[in-house]
Amino acid sequence: MKQSLLADVRIVLVEPSHPGNIGGVARAMKTMGLSDLALVNPGRFPDPQAEWRAAGAQDVLESARVYPSLDDALADRQWIVGTSTRARRIPWPVESAESVVGDLLRRLPRARSAILFGRETSGLSNDELQRCNCHLVIPANPEYPSLNLAMAVQVVCYELCRQSQEAGDVVTAGWDRDPASAAQTEALLEHFERVLVASGFLDASNPGQTMTRFRRLMTRFEFDEMEVQMLRGVLRKLAPAAAGD
């Protein structure tokens, strides 16, 4: 297995409530060659149940990083995938696990990636899903589409493992700048929103879905670091008072 292909893929669990699921996820990851586990505000961790469910994957569990917010967990990521089974009011690009993983692997190692899994009871919120470049859906029985958290992670990790083995040596096209990180892209979006409010285009007291649609538009592009700096420079010239720096 080309471990290096998967080294830059982070599995992110958002507010997992049951420590057994965290252990099950660690085991699912290790069996498929992944090791970067991030936990956002876990209900109970560390916990003996997590250690018991992890079986031989204690190393993945022990190296798991706990973050106070999703922003912190994604700050250094450049391509973000959210898992979801629910239809959204404003649709986002949605693909199968096979398609999403193939696209993600083609971006490695240039773009460090994260795959988000939501809460056991409610999944990812709309705001969290809007942080993602695309959404991944696992086909299931429409009468009972609910997957256990560790099972869902296992399905996605299996696809990552399978396709990475088939890919062998991957040659990535060069680029003159690194892709923008999630933190850089988020700062651009916040700056853009401030300019829209300052210009009178956006009513801060009643924004509607305007920023959601702008966010969807911007996440379809793959900005590099220089492009983000250029765009923010333009915004500073247009509305110096809204820079927020």
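What counts and how
Residues numbered from 1 in each chain as written. Predicted model: local features only at pLDDT ≥ 70, side-chain atom pairs only at ≥ 80, totals over all residues. Heavy atoms only, no water. Helix = DSSP H or I, 4+ residues; strand = E, 2+ residues; numbered from the N terminus. Rg over C-alpha atoms; globule rule 2.2 N^0.38 Å. Buried < 20%, exposed > 50% of the residue type's maximum accessible area, 1.4 Å probe, protein only. Contact = heavy atoms within 4.5 Å. Areas by Shrake-Rupley, 256 points an atom, 1.4 Å probe, with all protein chains shown as cover. Axes fitted to C-alpha atoms, helices over the stretch in contact; angles between N-to-C directions. Parallel < 35°, antiparallel > 145°, perpendicular 65-115°, else oblique. Left-handed = near helix turned anticlockwise from the far one by under 90°. Nonpolar A, V, L, I, M, F, W, Y, C, P; charged D, E, K, R; others polar. Core = buried A, V, L, I, M, F, W, Y, C linked by side-chain atoms within 4.5 Å. Pairing = 2+ DSSP bridges. Patch = residues over 30% accessible without salt bridge, like charges linked within 9 Å, V, L, I, M, F, W, Y side chains within 5 Å. Salt bridge = Lys/Arg side-chain N within 4 Å of Asp/Glu carboxyl O. Phe/Tyr/Trp six-rings, centres within 6.5 Å; stacked < 30°, edge-to-face > 60°. Lys NZ or Arg CZ within 6 Å of the ring centre and 35° of its normal.

Student: Would you mind going over the overall build of the chain in detail, with residue names and values included?
Tutor: Across its full length, the chain carries 11 helices and 7 strands. Since a compact globule built from 245 residues should have a radius of gyration of about 18 Å, the 19 Å found for the chain is in line with a globular shape. A principal-axis box enclosing the C-alpha atoms of the chain has dimensions of 55 × 40 × 35 Å. Within the chain, the proportion of its 245 residues that are buried is 47%. Looking at the chain alone, contacts between residues at least 24 apart form 85% of all its contacts between residues at least 6 apart. Surface summary for the chain: the accessible area is close to 12500 Å², and the carbon and sulfur share equals 53%.

Student: Kindly report on the packing of helix α9 (residues 182-199) against helix α11 (residues 225-238), identifying the contributing residues and their values.
Tutor: For the pair α9 and α11, the least separation of the axes is 10 Å and the interaxial angle reads 15°. With respect to each other, α9 and α11 are oriented roughly parallel. Note on packing geometry: the crossing formed by α9 with α11 is left-handed. Packed against α9, whose contacting residues are Q184, A187, L188, H191, F192, R194 and V195, the element α11 presents E225, V228, L231, R232, L235 and R236 at the interface. In terms of residue class, the contact of α9 with α11 is built from 7 nonpolar, 2 polar and 4 charged.

Student: Please give an account of the nonpolar core that cites residues and values.
Tutor: I11, L13 and L160 are the most contacted members of the largest nonpolar core, which has 40 residues in total. In terms of residue count, the dominant contributor to this core is helix α8 (residues 149-167) (8 residues). Here I11 is in contact with V25, M29, L34, D36, L37, A38, I115, F117, V153 and C157, once residues within four sequence places are set aside. Residues V14, V40, I80 and A114 belong to the second largest nonpolar core, which totals 15 residues.

Student: Report on the sheet that holds strand β4 (residues 79-83), specifying residues and quantitative values.
Tutor: Across the sheet, which stays open at both edges, the 7 strands sit in the order β3-β2-β1-β6-β4-β7-β5 with parallel pairing between neighbours. Every other strand in the sheet has two partners, leaving β3 (65-67) and β5 (94-96) as the edge strands with one partner each. Sheet twist, expressed as the average angle between the axes of neighbouring strands with direction ignored, equals 30°. In terms of strand pairing, β4 meets strand β7 (residues 134-137) through 3 bridges, oriented parallel. Its bridge partner lying in β7, V81 is registered against C134.

Student: Quick one: what's the story with unusual backbone geometry, residue by residue and with numbers?
Tutor: Going from F45 to P46, the amide bond is cis rather than trans, its omega being 0°. Here P46 is to be found in the loop between β2 (36-40) and α3 (48-54). Cis geometry marks the peptide bond from L108 to P109, where omega comes out at 0°. Mapped onto the elements of the fold, P109 is located in the loop between α6 (97-107) and β6 (113-117).

Student: Provide a residue-level description of the side chain of S113, including the pertinent values.
Tutor: Relative to the elements of secondary structure, S113 occurs in strand β6. Among the residues examined, S113 registers a relative accessible area of 0% and is labelled buried. Ignoring anything within four residues of it in the chain, the contact list for S113 reads D8, V9, R10, R77, W79, L104 and L108.

Student: If you had to explain a nonpolar patch on the surface to someone new, which residues and values would you point to?
Tutor: Together, L147, M151 and V155 make up a nonpolar patch on the protein surface, roughly 250 Å² of accessible area in all. Along the polypeptide, V155 turns up in helix α8. Judged by relative accessible area, V155 falls into the partly exposed class, the value being 33%.

Student: Can you lay out the packing of aromatic side chains for me, pointing to particular residues and giving the numbers?
Tutor: For the coordinates displayed, the defined rule picks out 3 aromatic pairs. Seen in terms of ring centroids, F192 and F214 are 5.0 Å apart; in terms of plane orientation they differ by 90°. Their pairing is edge-to-face. Separated by 22 residues along the polypeptide, F192 in helix α9 and F214 in helix α10 (residues 210-219) bring together distant segments of the chain. We classify F192 as buried; its relative accessible area is 17%. On the basis of relative accessible area, F214 is assigned to the partly exposed category, the value being 22%. Three or more aromatic residues joined by ring pairs make a cluster, and in this case those are F192, F201 and F214. Between R107 and the ring centre of W79, over which it is positioned, the NZ or CZ distance is 3.5 Å.

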